[in-house]
Structure formats: C-alpha cells, structure tokens
Amino acid sequence: MPEDYFGERVAERYDERYAYLSDPVVVDPIVDFLADLARGGAALELGIGTGRIALPLGQRGLRVHGIDLSEAMVARLRAKPGAEPIGLTVGDFATTKVGGTFSVVYLVANTIMNLTTQDEQVACFRNAAAQLEPGGCFVIEVLVPGLRRLPPGETFQPFHVSPTHLGFDEYDVARQGVVSHHYWLDDGTVEAFSPPFRYVWPSELDLMARLAGMRLRERWSGWKREPFTSESTTHVSVWEKTAPHPRG
C-alpha cells in the first residue's frame, strides 16, 4: 500500500489553500469535457480527494464513484452538500476495484504522478481498463516534464512564488523522480510539505495504455481542447478501451 501523504494535517487546509482550483472558470471546462465523454453513463474518479470535480460532475446527473487513499480527504468530501449520491472507496487507486463498469475513468491535476514507480502507474492503467466498459475512456490530466527549463547541473525548479507560498520541484532525473517542496507562510510560521512523485512522458503513458488494452483517442494541451504542441506544459489525454476481438 502506498504511503498516504494527504493525511489530516494536509486535508484540513487543502480546500482553502487550493481554492483557486475550484473556481468555475477552472472546473467548468473539466466537467464539460468529462460529461461529454461519459454521455450519460457512470464515471469513476481515481484520487477523488475532497470532490472538486466529482461534486459538479454528479450535479450533471452522472453516477460518480471515487477512490482515494486518504481517509481524511474522503471525510471532508462526505461532509459536503451534494456528496450523498457519490460512491466512495478508501484504497489504492492503482489496484482497488469498486464493482461494475464505467463509461469514463479519470485522473486530474497530476494525480497519476502520486504513483511513484512505473509498475504502479502500469497497474493503474490496467485497473482503469478493467473497470471500463468496451469503448469507454480513460482520461488523465498531467504536466509535461519540465526538463527543458531545468538549467544544466541544476535539480531545483520553482513552480510557485508568492508572499504566502513558495513551491520548488526537486528533480532526480536518473530515476524519473520529483519531490514538490511546499512552504506555506502564515502569521510568522512556516509549514513544509514535500510529497514525492514520478513524472511520466506522454509516449510512456501511451505504451502503458497499449499494455492495458487501450489506444490513444485524443490529446490536448487543456480541457478546452487546445492543440497539443511541443510548447505545451500540460496535456489532457484520452485513451479508449478497445473491444475484444471475437474468436474464430
């Protein structure tokens, strides 16, 4: 079982610190995209957290289930208005199955990187495929590794600097690892949070999908279907579960 880095200390202020990610300007395009793919079917979120996407997606009339390793994050989702219809399972989303099949399975906001080994990420693709109906889609939103912007010989790269928050990524290129160091400044105190991740390339994700019986359907640089180019810093990729070939 992976280590839970999003326990009570992180969960209690998570929604407050990342409130900008819940702005309708950010959320609505994601929900539009996923609802369009689901076409009235059911959706499974891997790493559901406190329900930033699951709650508005459920309000569109979709049946939504979510898996998350953090009991503290799930508890906050359960306490929110509108959470009652959402199915919730505490567990490792790389291996946990909830029963039934879904039209769309999705991971947002770099959550695939929470799995810190290639084996875990491959297992996640297989787990998603196992819970998709034929023709269903697996969707991932994740950054494009920023190694082009890393100066030679350097291992640290700032990703956010403000009066209340400093964020630096520490790269370990040999093992495709990155630690995101957060320093929150509040009333003269500093709170540190440094979870580990494994960055992953789009082509590597495509191969994981093929191993799981899925094929790339579309790739964009954002939820509004902006073109994906060599300059894109993030991507939204959709893999479709292929129907099994009939025997004989």
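Residues numbered from 1 in each chain as written. Predicted model: local features only at pLDDT ≥ 70, side-chain atom pairs only at ≥ 80, totals over all residues. Heavy atoms only, no water.

So, the pattern of salt bridges
Then comes step 1: Counting across every chain of the model gives 15 salt bridges.
Then comes step 2: With its nearest N and O atoms 3.1 Å apart, the salt bridge here joins Glu 191 to Arg 17. Pair noted here: Glu 191 is in strand E9 (residues 189-193) and Arg 17 is in helix H1 (residues 8-17), with a separation of 174 residues, a long-range link.
Then comes step 3: Here the residues in one salt-bridge network are Asp 36, Arg 217, Glu 218 and Arg 225, joined through shared partners. (Salt bridge = Lys/Arg side-chain N within 4 Å of Asp/Glu carboxyl O. Helix = DSSP H or I, 4+ residues; strand = E, 2+ residues; numbered from the N terminus.)

Regarding the nonpolar core
Then comes step 1: Grouped together as the largest cluster of nonpolar side chains are 33 residues, with contacts concentrated most on Leu 46, Ile 112, Cys 124, Phe 125, Phe 138 and Met 214.
Then comes step 2: Only strand E1 (42-46), strand E4 (102-107), helix H5 (118-130), strand E5 (132-143) and helix H6 (202-211) provide two or more residues apiece to this core.
Then comes step 3: Contact partners of Phe 125, with chain neighbours within four places excluded, come to Ile 112, Phe 138, Ile 140, Leu 205, Met 208, Ala 209, Ala 212, Met 214 and Trp 239.
Then comes step 4: Ranked by size, the runner-up nonpolar core spans 29 residues in total, among them Leu 34, Ile 48, Leu 57 and Val 139. (Core = buried A, V, L, I, M, F, W, Y, C linked by side-chain atoms within 4.5 Å. Buried < 20%, exposed > 50% of the residue type's maximum accessible area, 1.4 Å probe, protein only. Contact = heavy atoms within 4.5 Å.)

Brief notes about the packing of aromatic side chains
Then comes step 1: Applying the stated criterion across every chain yields a total of 11 aromatic pairs.
Then comes step 2: Here the aromatic rings of Phe 125 and Trp 239 are separated by 5.2 Å at their centres, their planes lie at 70 degrees, and the arrangement is edge-to-face. In this pair, Phe 125 is assigned in helix H5 and Trp 239 in strand E12 (residues 234-241), connecting sequence segments 114 residues apart. Each member of the pair, Phe 125 together with Trp 239, is buried.
Then comes step 3: A centroid spacing of 6.1 Å and a plane angle of 40 degrees characterise the contact between Phe 138 and Trp 239, whose relative ring orientation is tilted. Here Trp 239 lies in strand E12 and Phe 138 lies in strand E5, a separation of 101 residues in the sequence. Comparing Phe 138 with Trp 239 shows no difference in burial state: the two are buried.
Then comes step 4: An aromatic cluster of at least three residues, connected via ring pairs, comprises Phe 6, Tyr 14, Tyr 18, Tyr 20, Trp 184 and Phe 193. (Phe/Tyr/Trp six-rings, centres within 6.5 Å; stacked < 30°, edge-to-face > 60°.)

Observations regarding helix H2 (residues 24-38)
Then comes step 1: A rise of 1.5 Å per residue sets the reference length of H2, with its 15 residues, at 21 Å; its end C-alpha atoms lie 20 Å apart and thus fit the reference within 8%.
Then comes step 2: Listed in full, the buried residues belonging to H2 are Val 27, Pro 29, Ile 30, Val 31, Phe 33, Leu 34, Ala 35, Leu 37 and Ala 38.
Then comes step 3: For H2, the secondary structure elements touched by its buried residues are helix H3 (54-59), E4, E5, strand E11 (214-220) and E12.
Then comes step 4: Put simply, Asp 23 is the residue that caps the front of H2, since its side-chain oxygen is 2.8 Å from the backbone nitrogen of Val 25.
Then comes step 5: Positive phi shows up at Arg 39, right after H2, with a value of about 50 degrees. (Expected span 1.5 Å × (residues − 1). Polar contact = N/O pair within 3.5 Å; in protein donor to acceptor, adjacent residues only side chain to side chain.)

Brief notes about empty space enclosed by the protein
Then comes step 1: Tallied over the entire structure, the rule returns one cavity of 30 Å³ or more.
Then comes step 2: Forming the boundary of the largest cavity are Arg 9, Val 10, Arg 13, Tyr 14, Arg 17, Tyr 18, Trp 184, Glu 191 and Phe 193.
Then comes step 3: Elements that contribute at least two residues to the lining of the largest cavity include exactly H1 and E9.
Then comes step 4: If you tally residues by element for the lining of the largest cavity, the top one is H1, at five residues.
Then comes step 5: Partitioned by chemical class, the residues of the lining of the largest cavity number five nonpolar, no polar and four charged. (1 Å grid on protein atoms, 1.4 Å probe; cavity = no way out; pocket = protein on both sides within 12 Å on 5 of 7 lines; lining within 4 Å. Points joined across faces, edges and corners; volume = space filled by probe spheres on them. Nonpolar A, V, L, I, M, F, W, Y, C, P; charged D, E, K, R; others polar.)

What to know about the layout of surface pockets
With a probe scaled to a water molecule rolled over the atoms, the places where space remains empty come into view.
Then comes step 1: In this structure, the second largest pocket encloses a volume near 210 Å³.
Then comes step 2: Across the lining of the second largest pocket, the residue classes break down as five nonpolar, five polar and three charged.

So, the pairing of strand E8 (residues 177-186)
Then comes step 1: Taken together, the eight bridges between strand E7 (residues 165-172) and E8 define a ladder with antiparallel strand orientation. Within E8, the position partnered with Phe 168 by the bridge is His 181.
Then comes step 2: What sits between the antiparallel neighbours E7 and E8 is a turn of four residues, in which Gln 176 has the positive phi angle 60 degrees.
Then comes step 3: Taken together, the three bridges between E8 and strand E10 (residues 196-198) define a ladder with antiparallel strand orientation. Within the sheet, the bridge partner assigned to Val 178 lies in E10 and is Phe 197.
Then comes step 4: As paired elements, E8 and E9 share five bridges and run antiparallel to each other. If you follow Asp 186 over to E9, its bridge partner there is Thr 189.
Then comes step 5: Linking two consecutive strands that pair antiparallel, namely E8 and E9, is a turn of two residues; a positive phi of about 50 degrees is found at Asp 187 within it. (Pairing = 2+ DSSP bridges.)

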